[in-house]
Amino acid sequence: MLAKRIIPCLDIKDGQTVKGINFLDITEVGDPVELGALYAKMGADELVFLDITATVEKRKTLSELVTRIAKHINIPFTVGGGISSVEDVFG
């Protein structure tokens with residue numbers, strides 16, 4: 001039997017967690033640091049952070065925000081959007 005895993009994905013735009021359908025009708029739903037910590041506390045197995053506008057805006061992901069989130073969780077953390085190398089995120 002396959003194990004079930006809970007892996008929330010935080011879509012980030014302008015430093016805030018957002019929700020939408022196919023990246024349309026996007027609305028802010030909260031602070032990504034607080035939401036990441038809440039998901040970790042609630043038992044999520046992993047957290048995914050996706051900077052949904054980094055690639056389109058031709059910029060690197062929000063590394064300061066990634067660092068802040070990582071300090072508040074104790075679960076695996078995946079980052080996407082605007083990344084072409086590890087140095088893009090962690091210098």
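One can find the structure itself at the top, above this paragraph.
In every chain, residue numbers begin from 1 and rise along the written sequence. It should be noted that, the model being predicted, local features are given only for residues of pLDDT at least 70 and side-chain atom pairs only at 80 or more, the latter also being counted only at that level, while totals for whole chains, interfaces and linings use all residues. The basis for every side-chain value is the complete set of heavy atoms in the structure, and neither hydrogens nor water enter the calculation.

Visitor: Before we move on, can you summarise the overall build of the protein with the specific residues and values?
Guide: Counting from the N terminus, the helices are DSSP H or I runs at least four residues long and the strands are E runs at least two residues long. The number of helices and strands found in the protein is 3 helices and 5 strands. Across the protein, helices and strands are ordered from the amino to the carboxyl terminus as β-β-β-α-β-α-β-α. C-alpha atoms define the radius of gyration, and 2.2 Å times the number of residues to the power 0.38 defines the globule rule. In terms of overall dimensions, the protein is globule-like: its C-alpha atoms have a radius of gyration of 13 Å, near the 12 Å expected for 91 residues. In terms of overall dimensions, the protein has C-alpha extents of about 40 × 35 × 30 Å along its principal axes. Per-residue burial for the protein yields a buried fraction of 33% across its 91 residues. Residue contacts are defined here by distance: any two heavy atoms, one from each residue, within 4.5 Å place the two residues in contact. Sequence separation of 24 or more characterises 58% of the internal contacts of the protein that already satisfy a separation of 6 or more. Computed by Shrake-Rupley with a 1.4 Å probe, the accessible areas treat only the displayed protein chains as cover when residues are assessed. Of the roughly 6100 Å² of accessible surface on the protein, 57% is carried by carbon and sulfur atoms. Asp and Glu are treated as the negative residues and Lys and Arg as the positive ones, with His and the ends of the chain left uncounted. For the purpose of locating charges, the reference atoms are NZ of Lys, CZ of Arg, CG of Asp and CD of Glu. Between the centroid of the 10 positive side chains of the protein and the centroid of its 13 negative side chains there is a distance of 3 Å. Using a 1.4 Å probe on the protein chains alone, a residue whose accessible area is under 20% of its type maximum counts as buried, one over 50% counts as exposed, and one in between counts as partly exposed.

Visitor: Give a detailed account of the pairing of strand β5 (residues 77-80), specifying residues and quantitative values.
Guide: Only strands joined by at least two bridges in the DSSP assignment are considered to pair. Looking at chain direction, strand β4 (residues 47-51) and β5 are connected through 4 bridges and run parallel. Its bridge partner lying in β5, V48 is registered against T78. For the handedness criterion, the strands are oriented away from the viewer, and a crossover whose path from the first strand over the helix to the second runs clockwise is classed as right-handed. A crossover links β4 with its parallel partner β5, the connecting element being helix α2 (residues 63-71), and its sense is right-handed.

Visitor: Can you break down the packing of aromatic side chains residue by residue, with the values?
Guide: A pair of aromatic rings is counted whenever rings of Phe, Tyr or Trp (Trp by its six-membered ring) have centres within 6.5 Å, and the orientation is called stacked for planes under 30 degrees apart, edge-to-face for over 60 and tilted otherwise. Scanning the entire structure with this criterion turns up 1 aromatic pair. Residues F49 and F77 carry aromatic rings whose centres are separated by 6.2 Å and whose planes lie at 80° to one another, so their mutual orientation is edge-to-face. In this pair, F49 sits in strand β4 while F77 sits in strand β5, placing the two residues 28 residues apart along the sequence.

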